[in-house]
Amino acid sequence: VTPLRPADAPQPPVRERLRADLGRYFTMARASTRWRQARLVLGTEAIWAIATYRFGQYLREEASRPLQLALRLPYGLVSRSLQYLVGIHLTPATRIGPGLYIGHHGGVWISPHAELGAHCNVNHHVTIGVAGKGRRAPKIGDRVWIGPGATVSGPVSVGDDAVIGANSLVATDVPKQALALGVPARVMGFGGSRNLVG
Ligand SMILES: CC(C)(COP(=O)(O)OP(=O)(O)OC[C@H]1O[C@@H](n2cnc3c(N)ncnc32)[C@H](O)[C@@H]1OP(=O)(O)O)[C@@H](O)C(=O)NCCC(=O)NCCS
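First things first, this report covers the structure right here in the doc. Being a predicted model, the structure only gives us computed values, none of them experimental. Numbers given for residues are sequential positions, taken from 1 along each chain in its written order. This being a predicted model, a pLDDT of at least 70 is required before a residue's local features are given, and a value of 80 or more before pairs of side-chain atoms are given or counted; all residues contribute to the totals for chains, interfaces and linings. Water and hydrogen atoms play no part in the side-chain values, which are based on all heavy atoms of the structure.

A look at the site of the ligand
Put simply, a residue is near a molecule or strand once any heavy atom of it comes within 4 Å of that molecule or strand. Near the ligand, the surroundings consist of His104, Asn123, His124, Trp145, Pro148, Val163, Gly165, Ala166, Leu179, Leu181, Gly182 and Met188. For the purposes of these results, a polar contact is taken to be a pair of N or O atoms within 3.5 Å, where, inside protein, one atom must be able to donate a hydrogen and its partner to accept one; residues adjacent in sequence count only when each atom of the pair is a side-chain atom. Ala166 places a main-chain nitrogen or oxygen 2.8 Å from an oxygen atom of the ligand. Each accessible area is a Shrake-Rupley result for a 1.4 Å probe, and residues are judged covered by the shown protein chains and nothing else. Summarising the interface, the protein chains cover 39% of the accessible area of the ligand, which totals 920 Å² for the free molecule. Here the term charged refers only to Asp, Glu, Lys and Arg, the term nonpolar to Ala, Val, Leu, Ile, Met, Phe, Trp, Tyr, Cys and Pro, and the term polar to all other amino acids, Gly among them. Of the residues that constitute the shell around the ligand, the class distribution is seven nonpolar, five polar and no charged.

Some points on the packing of helix α3 (residues 45-61) against helix α4 (residues 65-86)
Axes, fitted as lines to C-alpha atoms, cover a helix only where it is in contact. Angles between the N-to-C directions of the axes lie from 0 to 180 degrees. Numbering of helices and strands runs from the N terminus; a helix is a DSSP stretch of H or I covering at least four residues, while a strand is a stretch of E covering at least two. The geometry of α3 relative to α4 is characterised by a closest axis approach of 10 Å and an angle of 160° between their N-to-C directions. Taken together, the axis directions place α3 and α4 in an arrangement best described as roughly antiparallel. You can see that α3 and α4 cross each other, and the crossing is left-handed. Residues Glu45, Trp48, Ala49, Thr52, Tyr53, Phe55, Gly56, Tyr58, Leu59 and Arg60 of α3 form the contact with α4, whose own contacting residues are Leu67, Gln68, Leu71, Tyr75, Ser79, Leu82, Leu85 and Val86. Across the contact of α3 with α4, the residue classes tally to 12 nonpolar, four polar and two charged. The labels follow the angle: roughly parallel below 35 degrees, roughly antiparallel above 145, roughly perpendicular from 65 to 115, and oblique for the rest. Definitions for this section: a left-handed crossing has its near helix turned counterclockwise from the far helix by less than a right angle. A right-handed crossing has that turn clockwise. A contact between two residues is defined here by any heavy atoms of the two lying within 4.5 Å.

Thoughts on the sheet that holds strand β2 (residues 95-96)
Any two strands between which DSSP finds at least two bridges are classified as paired. Pairing is parallel in the open sheet, where four strands are placed in the order β2-β5-β8-β11. Bordering the open sheet on either side are β2 and β11 (157-158), each of which pairs with just one other strand. Summarising the sheet, strand β5 (residues 115-116) and strand β8 (residues 139-140) pair through two bridges and their orientation is parallel. Bridging from a neighbouring strand, Leu116 pairs with Ile140 of β8.

A word on the pattern of salt bridges
For this document, the term salt bridge refers to a Lys or Arg side-chain nitrogen within 4 Å of an Asp or Glu carboxyl oxygen. The full count for this structure, using the stated rule, is five salt bridges. Two residues, Arg54 and Asp21, come together in a salt bridge whose shortest N-O distance is 2.6 Å. Residue Arg54 is found in helix α3, and its partner Asp21 is found in helix α1 (residues 14-28); the two are separated by 33 residues along the sequence. You'll find Arg54 and Asp21 in the same group, each marked buried. Its salt-bridge partner being Glu115, residue Lys139 comes within 3.3 Å of it at the nearest N-O pair. Taken together, the residues span a long stretch of sequence, with Lys139 in strand β8 and Glu115 in strand β5 at a distance of 24 residues. We call a residue buried when its accessible area falls under 20% of the maximum for its residue type, exposed when it is over 50%, and partly exposed in between, using a 1.4 Å probe and counting protein chains only. What makes Lys139 partly exposed here is its relative accessible area of 35%. In this structure Glu115 comes out as buried when scored by relative accessible area, which is 14%.

Quick notes on α4
Helix length check: α4, at 22 residues, gives a terminal C-alpha distance of 30 Å against a target of 32 Å (1.5 Å per residue), a fit within 8%. If you check which residues of α4 are buried, you get Gln68, Tyr75, Ser79, Leu82, Gln83 and Val86. Looking at the buried positions of α4, the neighbouring elements they touch are α3 and β1 (88-89). Within two residues after α4, Gly87 carries a phi angle of roughly 70°, on the positive side. Helix span, as expected, comes to 1.5 Å for every residue beyond the first.

Structure below.
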(Lines give C-alpha, C1' and ligand atoms only; values in the text may rest on other atoms or scores of the structure.)
Protein backbone atom coordinates (compact mmCIF):
# COMPACT_ATOMS: atom_id res chain seq x y z
CA VAL A 1 0.00 0.00 0.00
CA THR A 2 1.07 3.59 -0.65
CA PRO A 3 3.61 4.71 1.91
CA LEU A 4 1.93 7.57 3.73
CA ARG A 5 3.73 10.66 4.95
CA PRO A 6 5.54 10.15 8.27
CA ALA A 7 3.60 11.08 11.38
CA ASP A 8 5.97 13.94 12.15
CA ALA A 9 5.84 15.46 8.64
CA PRO A 10 5.26 19.21 8.96
CA GLN A 11 1.72 20.53 8.56
CA PRO A 12 0.88 24.06 7.43
CA PRO A 13 0.00 26.54 10.21
CA VAL A 14 -3.39 25.91 11.81
CA ARG A 15 -4.79 29.10 10.21
CA GLU A 16 -4.00 27.68 6.76
CA ARG A 17 -5.58 24.33 7.63
CA LEU A 18 -8.79 26.03 8.74
CA ARG A 19 -8.81 28.25 5.66
CA ALA A 20 -8.56 25.14 3.47
CA ASP A 21 -11.37 23.43 5.45
CA LEU A 22 -13.67 26.43 4.95
CA GLY A 23 -12.61 26.67 1.31
CA ARG A 24 -13.95 23.14 0.73
CA TYR A 25 -17.36 24.14 2.14
CA PHE A 26 -17.48 27.42 0.24
CA THR A 27 -16.60 25.66 -3.01
CA MET A 28 -19.10 22.83 -2.55
CA ALA A 29 -21.89 25.28 -1.66
CA ARG A 30 -20.79 27.80 -4.30
CA ALA A 31 -20.73 30.44 -1.59
CA SER A 32 -18.74 33.14 -3.30
CA THR A 33 -19.86 36.25 -1.44
CA ARG A 34 -18.99 37.11 2.17
CA TRP A 35 -22.68 37.14 3.07
CA ARG A 36 -23.25 33.59 1.75
CA GLN A 37 -20.07 32.36 3.39
CA ALA A 38 -21.15 33.82 6.75
CA ARG A 39 -24.57 32.16 6.45
CA LEU A 40 -22.92 28.86 5.60
CA VAL A 41 -20.59 29.04 8.59
CA LEU A 42 -23.42 29.96 10.96
CA GLY A 43 -25.73 27.26 9.65
CA THR A 44 -23.40 24.28 9.23
CA GLU A 45 -22.84 22.21 12.36
CA ALA A 46 -19.87 20.33 10.87
CA ILE A 47 -18.06 23.65 10.35
CA TRP A 48 -18.56 24.49 14.04
CA ALA A 49 -16.98 21.15 14.97
CA ILE A 50 -14.05 21.57 12.56
CA ALA A 51 -13.39 25.17 13.65
CA THR A 52 -13.40 24.10 17.31
CA TYR A 53 -11.05 21.23 16.48
CA ARG A 54 -8.66 23.57 14.66
CA PHE A 55 -8.78 26.06 17.53
CA GLY A 56 -7.81 23.18 19.83
CA GLN A 57 -4.88 22.46 17.53
CA TYR A 58 -3.89 26.13 17.66
CA LEU A 59 -3.87 25.98 21.46
CA ARG A 60 -1.89 22.74 21.40
CA GLU A 61 0.66 23.63 18.75
CA GLU A 62 1.01 27.40 18.48
CA ALA A 63 -0.38 29.26 21.49
CA SER A 64 1.82 30.57 24.29
CA ARG A 65 1.92 28.58 27.52
CA PRO A 66 -0.11 31.18 29.52
CA LEU A 67 -2.83 31.18 26.81
CA GLN A 68 -2.87 27.39 26.82
CA LEU A 69 -3.31 27.33 30.59
CA ALA A 70 -5.96 30.06 30.57
CA LEU A 71 -8.07 28.45 27.85
CA ARG A 72 -7.63 24.77 28.66
CA LEU A 73 -10.76 24.50 30.80
CA PRO A 74 -13.08 26.74 28.70
CA TYR A 75 -11.92 24.94 25.57
CA GLY A 76 -12.60 21.55 27.10
CA LEU A 77 -16.11 22.63 28.14
CA VAL A 78 -16.98 24.13 24.75
CA SER A 79 -15.56 21.26 22.70
CA ARG A 80 -17.20 18.58 24.86
CA SER A 81 -20.58 20.37 24.74
CA LEU A 82 -20.34 20.78 20.98
CA GLN A 83 -19.48 17.11 20.64
CA TYR A 84 -22.75 16.19 22.36
CA LEU A 85 -24.67 18.78 20.38
CA VAL A 86 -23.53 17.90 16.87
CA GLY A 87 -22.28 14.33 17.29
CA ILE A 88 -18.81 14.82 15.85
CA HIS A 89 -15.94 13.57 17.99
CA LEU A 90 -12.67 15.19 16.99
CA THR A 91 -9.81 15.87 19.37
CA PRO A 92 -6.88 18.22 18.71
CA ALA A 93 -4.46 15.28 19.00
CA THR A 94 -5.80 13.78 15.78
CA ARG A 95 -3.65 14.70 12.80
CA ILE A 96 -5.86 15.76 9.92
CA GLY A 97 -4.47 17.62 6.93
CA PRO A 98 -5.95 20.82 5.50
CA GLY A 99 -9.28 20.75 3.66
CA LEU A 100 -11.32 18.41 5.86
CA TYR A 101 -14.95 18.16 4.74
CA ILE A 102 -17.55 16.49 6.95
CA GLY A 103 -20.67 16.16 4.83
CA HIS A 104 -23.32 15.89 7.52
CA HIS A 105 -23.07 15.92 11.28
CA GLY A 106 -24.01 13.06 13.60
CA GLY A 107 -22.33 9.87 14.66
CA VAL A 108 -18.82 10.78 13.49
CA TRP A 109 -16.09 9.35 15.69
CA ILE A 110 -12.41 9.81 14.80
CA SER A 111 -9.80 8.38 17.15
CA PRO A 112 -7.10 10.69 18.54
CA HIS A 113 -4.60 8.12 17.20
CA ALA A 114 -5.90 8.25 13.62
CA GLU A 115 -4.26 10.25 10.82
CA LEU A 116 -6.00 11.70 7.80
CA GLY A 117 -4.31 13.43 4.88
CA ALA A 118 -5.39 16.58 3.05
CA HIS A 119 -8.78 17.17 1.40
CA CYS A 120 -10.56 14.12 2.80
CA ASN A 121 -14.33 13.74 2.89
CA VAL A 122 -15.92 12.11 5.92
CA ASN A 123 -19.67 11.50 5.99
CA HIS A 124 -22.13 11.02 8.86
CA HIS A 125 -21.92 7.88 11.04
CA VAL A 126 -18.29 7.25 10.10
CA THR A 127 -16.03 5.61 12.67
CA ILE A 128 -12.25 5.75 12.32
CA GLY A 129 -10.76 4.07 15.34
CA VAL A 130 -8.63 1.48 17.01
CA ALA A 131 -9.61 -2.19 16.91
CA GLY A 132 -10.35 -3.85 20.24
CA LYS A 133 -7.87 -2.93 22.92
CA GLY A 134 -5.15 -1.82 20.49
CA ARG A 135 -3.94 1.76 20.28
CA ARG A 136 -3.02 1.78 16.60
CA ALA A 137 -5.56 3.55 14.45
CA PRO A 138 -5.87 3.94 10.66
CA LYS A 139 -3.59 6.10 8.55
CA ILE A 140 -5.58 7.59 5.72
CA GLY A 141 -4.10 9.33 2.70
CA ASP A 142 -5.06 12.46 0.78
CA ARG A 143 -8.39 13.03 -1.01
CA VAL A 144 -9.99 9.90 0.45
CA TRP A 145 -13.83 9.75 0.42
CA ILE A 146 -15.40 7.81 3.29
CA GLY A 147 -19.10 7.08 2.78
CA PRO A 148 -21.88 7.29 5.38
CA GLY A 149 -21.85 4.55 7.99
CA ALA A 150 -18.38 3.27 7.09
CA THR A 151 -15.97 1.97 9.72
CA VAL A 152 -12.20 1.97 9.28
CA SER A 153 -10.49 0.30 12.21
CA GLY A 154 -7.14 -0.93 13.41
CA PRO A 155 -3.64 -0.33 12.11
CA VAL A 156 -4.62 -0.13 8.45
CA SER A 157 -3.48 2.22 5.68
CA VAL A 158 -5.81 3.72 3.13
CA GLY A 159 -3.99 5.05 0.08
CA ASP A 160 -4.45 8.46 -1.55
CA ASP A 161 -7.61 9.00 -3.64
CA ALA A 162 -9.30 5.84 -2.32
CA VAL A 163 -13.08 5.53 -1.89
CA ILE A 164 -14.68 3.64 1.01
CA GLY A 165 -18.31 2.86 0.15
CA ALA A 166 -21.27 3.55 2.42
CA ASN A 167 -21.59 1.10 5.35
CA SER A 168 -18.33 -0.65 4.48
CA LEU A 169 -16.02 -2.11 7.09
CA VAL A 170 -12.33 -1.62 6.36
CA ALA A 171 -10.04 -3.78 8.45
CA THR A 172 -7.23 -4.39 5.93
CA ASP A 173 -5.11 -2.04 3.83
CA VAL A 174 -6.70 -0.29 0.87
CA PRO A 175 -4.42 0.67 -2.06
CA LYS A 176 -4.42 4.14 -3.54
CA GLN A 177 -7.26 4.97 -5.97
CA ALA A 178 -9.13 1.82 -4.86
CA LEU A 179 -12.90 1.54 -4.42
CA ALA A 180 -13.41 -0.59 -1.28
CA LEU A 181 -16.95 -1.85 -0.67
CA GLY A 182 -18.81 -4.16 1.66
CA VAL A 183 -18.39 -5.94 4.99
CA PRO A 184 -15.56 -6.75 5.11
CA ALA A 185 -14.57 -4.30 2.40
CA ARG A 186 -13.16 -5.70 -0.83
CA VAL A 187 -11.49 -3.75 -3.59
CA MET A 188 -13.97 -3.51 -6.46
CA GLY A 189 -12.12 -1.07 -8.75
CA PHE A 190 -9.55 1.66 -9.09
CA GLY A 191 -11.56 4.63 -10.29
CA GLY A 192 -10.27 7.00 -7.60
CA SER A 193 -12.17 9.61 -5.62
CA ARG A 194 -12.04 12.54 -8.04
CA ASN A 195 -15.78 12.57 -8.74
CA LEU A 196 -16.69 12.38 -5.07
CA VAL A 197 -14.09 14.66 -3.51
CA GLY A 198 -14.09 17.18 -6.30
C1 LIG B 1 -18.87 4.81 -3.22
C2 LIG B 1 -20.07 4.53 -4.11
C3 LIG B 1 -20.62 5.85 -4.61
C4 LIG B 1 -19.55 3.65 -5.24
O5 LIG B 1 -20.46 3.61 -6.23
P6 LIG B 1 -20.08 3.04 -7.71
O7 LIG B 1 -18.63 3.20 -7.97
O8 LIG B 1 -21.02 3.70 -8.62
O9 LIG B 1 -20.31 1.53 -7.58
P10 LIG B 1 -21.48 0.78 -8.35
O11 LIG B 1 -22.77 1.43 -7.99
O12 LIG B 1 -21.06 0.68 -9.79
O13 LIG B 1 -21.44 -0.64 -7.68
C14 LIG B 1 -20.52 -1.63 -8.02
C15 LIG B 1 -20.99 -2.88 -7.28
O16 LIG B 1 -20.79 -2.71 -5.86
C17 LIG B 1 -22.04 -2.77 -5.18
N18 LIG B 1 -22.03 -1.70 -4.18
C19 LIG B 1 -22.09 -0.36 -4.41
N20 LIG B 1 -21.96 0.29 -3.25
C21 LIG B 1 -21.82 -0.65 -2.28
C22 LIG B 1 -21.64 -0.57 -0.88
N23 LIG B 1 -21.58 0.61 -0.26
N24 LIG B 1 -21.53 -1.70 -0.19
C25 LIG B 1 -21.59 -2.91 -0.82
N26 LIG B 1 -21.74 -3.05 -2.16
C27 LIG B 1 -21.85 -1.91 -2.88
C28 LIG B 1 -23.11 -2.54 -6.25
O29 LIG B 1 -24.30 -3.16 -5.87
C30 LIG B 1 -22.47 -3.17 -7.44
O31 LIG B 1 -22.61 -4.56 -7.34
P32 LIG B 1 -22.89 -5.43 -8.69
O33 LIG B 1 -21.68 -5.21 -9.58
O34 LIG B 1 -23.01 -6.81 -8.17
O35 LIG B 1 -24.13 -4.86 -9.28
C36 LIG B 1 -21.15 3.78 -3.32
O37 LIG B 1 -20.59 2.59 -2.79
C38 LIG B 1 -21.68 4.57 -2.15
O39 LIG B 1 -21.10 4.62 -1.10
N40 LIG B 1 -22.86 5.20 -2.34
C41 LIG B 1 -23.47 5.97 -1.29
C42 LIG B 1 -23.33 7.44 -1.62
C43 LIG B 1 -23.95 8.26 -0.49
O44 LIG B 1 -24.12 7.79 0.60
N45 LIG B 1 -24.27 9.50 -0.79
C46 LIG B 1 -24.87 10.34 0.17
C47 LIG B 1 -23.83 11.17 0.86
S48 LIG B 1 -24.62 12.23 2.00
